[in-house]
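# Fold and geometry: a report
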Amino acid sequence: MFFFDDFIKKIEKTKVDYKPLRKYGLEMKKKIVWLGTGLPLILIGILQGYMGYLKDFSIPYIAISGLLLFLGIKHLKNLFSYKIIVDLEHRKIIGEGLDLSLDSVESCTLKESVVGKGNRLQVVIRILTDDKREIIIPLIMNKKIEFICILRDELKGKFKIIKG
């Protein structure tokens, strides 16, 4: 809770200059985790494939190799493809399967909640649209305070912060 209170204080103090297009990538901690798991999985997969090749194309080794290579490449793909773009000229948020017009936002709240199957609290943006869709954006991007301040400034009365 201490972290979230400090986070809110930083948001309240921050003023952001207008730029028509802003891009947000993955935060450094997530990059290190995904790179630290993706590369070893690929290397172990290559080793397993080589061992399967040396043992006259042993099916279990090659199957494990394929699985490990798939998981490692998926981690690296997630690492390099994560991108959220805020286009203020067209008032849109684009990225990660999302194409959201800021004009269609009914409410936007910043809060701490558990996302997915995890058990850790994360800071998330919860957006409700006019067509009653709920969009939850976990803040795992770099420059997250700037991202929230842009949403706060663009959505004005529709943006709320829920403490606790």
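Each value, and the rule that gives it
Residues numbered from 1 in each chain as written. Predicted model: local features only at pLDDT ≥ 70, side-chain atom pairs only at ≥ 80, totals over all residues. Heavy atoms only, no water. Helix = DSSP H or I, 4+ residues; strand = E, 2+ residues; numbered from the N terminus. Expected span 1.5 Å × (residues − 1). Buried < 20%, exposed > 50% of the residue type's maximum accessible area, 1.4 Å probe, protein only. Contact = heavy atoms within 4.5 Å. Phe/Tyr/Trp six-rings, centres within 6.5 Å; stacked < 30°, edge-to-face > 60°. Patch = residues over 30% accessible without salt bridge, like charges linked within 9 Å, V, L, I, M, F, W, Y side chains within 5 Å. Areas by Shrake-Rupley, 256 points an atom, 1.4 Å probe, with all protein chains shown as cover. Salt bridge = Lys/Arg side-chain N within 4 Å of Asp/Glu carboxyl O. Polar contact = N/O pair within 3.5 Å; in protein donor to acceptor, adjacent residues only side chain to side chain.

## Comments concerning helix α3 (residues 59–81)
With 23 residues, α3 ought to run about 33 Å at 1.5 Å a step, and its terminal C-alpha atoms sit 32 Å apart, in line with that. Residues S65, L68, G72, L76 and L79 constitute the buried set of α3. Against the buried residues of α3 lie α2 (28–54).

## Focus on the packing of aromatic side chains
Per the stated rule, a full pass over the model turns up two aromatic pairs. Where Y24 meets F147, the ring centres are 5.4 Å apart and the plane angle is 75°; that geometry is what we call edge-to-face. With Y24 in strand β1 (residues 21–24) and F147 in helix α4 (residues 144–155), this pair connects stretches of sequence that are 123 residues apart. Comparing Y24 with F147 shows no difference in burial state: the two are buried. Relative to F57, the ring of Y53 lies with its centre 5.4 Å away and its plane at 85°, an arrangement referred to as edge-to-face. Take F57: its relative accessible area is 52%, and that puts it in the exposed class.

## So, a nonpolar patch on the surface
Among the surface-exposed residues, Y50, Y53, L54, F57 and I62 lie close enough to one another that they form a single nonpolar patch of about 550 Å² accessible area. Top element by residues in the nonpolar patch is α2. It accounts for three residues. Checked against the element boundaries, L54 lands in helix α2.

## Observations regarding the side chain of E27
Along the chain, E27 falls in the loop between β1 and α2. A polar side-chain atom of E27 sits 3.0 Å from a polar atom in the side chain of K144. When neighbours within four sequence positions are excluded, E27 is seen to be in contact with I140, M141, N142 and K144.

## What to know about the environment of E89
Among the secondary structure elements, E89 is positioned in the loop between β2 (84–87) and β3 (92–95). Among the residues examined, E89 registers a relative accessible area of 57% and is labelled exposed. Between the C-alpha atoms of E89 and G36, which are 53 residues apart in sequence, the distance is 37 Å. What E89 contacts, discounting residues up to four positions off in sequence, is Y18 and P20.

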